[in-house]
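# Coordinate inspection notes
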Amino acid sequence: MRDLVFRNMTSNNHKRRVVACSEVMDNGGVRSIVRRHFVCLVNEITSGQVQKPVSYLHIVREKNSYEQRERFFCRLKGSILAVNNERFFRITFVHSLKICLSAIPQGMSK
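Here goes a summary of the coordinates provided. Every chain is numbered independently, its residues counted from 1 as its sequence is written. With the structure being a predicted model, the display of local features is reserved for residues of pLDDT at least 70 and the display and counting of side-chain atom pairs for 80 or more, all residues being used for whole-chain, interface and lining totals. Here the side-chain values reflect all heavy atoms present in the structure, with hydrogen atoms and water set aside.

### Quick word on the environment of Arg 69
For clarity, the cut-off: Numbering of helices and strands runs from the N terminus; a helix is a DSSP stretch of H or I covering at least four residues, while a strand is a stretch of E covering at least two. N or O atoms within 3.5 Å of each other form a polar contact, as long as, within protein, one can give a hydrogen and the other can take it, and as long as residues adjacent in sequence are counted only when both atoms are side-chain atoms.
Here Arg 69 shows up in strand β5 (residues 69-84). When the C-alpha atoms of Arg 69 and Ile 59 are compared, they prove to be 17 Å apart, with 10 residues separating the residues in sequence. Within the local environment of Arg 69, its side chain forms a polar contact with the side chain of Glu 67, the two groups lying 2.7 Å apart.

Written as structure tokens, this is what we have:
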């Protein structure tokens, strides 16, 4: 069994966009839940505000043998400077990926 949920939202002024996807799958006695999330924000900046973009990466992995589950989480934040018609823009983005694997109790699987 596989369930997919997909969201694509854009703000009224088209400066913010959110794309999210969630997938739940049962296979071989294991339930896997995968969540992907992407946020993008565009801001116009003056030439005096131009700063070096800063990036950030965070990764977490957990394994719990007693409860028979694993979890993986990754988040990447960053920004890009862009120029269009001599106007400066900062494009800030956040990507995140979350994966949860767990054993399905006996009798609960289809």
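### Re the pairing of β5
Using the following cut-off: When DSSP locates at least two bridges between a pair of strands, those strands are taken to pair.
With nine bridges joining them, strand β4 (residues 56-64) and β5 adopt antiparallel strand pairing. From the neighbouring strand, Leu 57 faces β5, where its bridge partner is Leu 76. A loop of four residues connects β4 with β5, the two strands running antiparallel in sequence, and Gln 68 in this loop sits at a positive phi of about 55°. With 16 bridges joining them, β5 and strand β6 (residues 87-103) adopt antiparallel strand pairing. The partner of Val 83 across the bridge, within β6, is Phe 88. Counting the residues in the hairpin turn of β5 and β6 gives two residues, including Asn 85, whose phi is positive at 55°.

### Notes on the pattern of salt bridges
A side chain with one charge may pair with a side chain of the opposite charge, provided their charged atoms come close. Rule in force here: The working definition used for a salt bridge is a side-chain nitrogen of Lys or Arg within 4 Å of a carboxyl oxygen of Asp or Glu. Only protein chains enter the accessibility calculation, which uses a 1.4 Å probe. A residue is then buried if its area is under 20% of the maximum for its type, exposed if over 50%, and partly exposed in between.
Counted under the stated rule, the structure contains six salt bridges. A salt bridge links Glu 44 to Arg 87, with the nearest nitrogen and oxygen atoms 3.0 Å apart. Of the two residues, Glu 44 is situated in strand β3 (residues 30-45) and Arg 87 in strand β6; the sequence distance between them amounts to 43 residues. Residue Glu 44 is classed as partly exposed on the basis of its relative accessible area of 43%. The residue Arg 71 makes a salt bridge to Glu 62 at a minimum N-O spacing of 3.4 Å. Overall, Glu 62 belongs to the partly exposed group, its relative accessible area being 38%.

### Regarding unusual backbone geometry
Unusually for a residue other than glycine, Gln 68 sits at a positive phi of about 55°. Tracing the chain through its elements places Gln 68 in the loop between β4 and β5. Classification of Gln 68 as exposed rests on a relative accessible area of 53%. Backbone geometry places Asn 85, a non-glycine residue, at a positive phi of 55°. Take Asn 85: it is sitting in the loop between β5 and β6.

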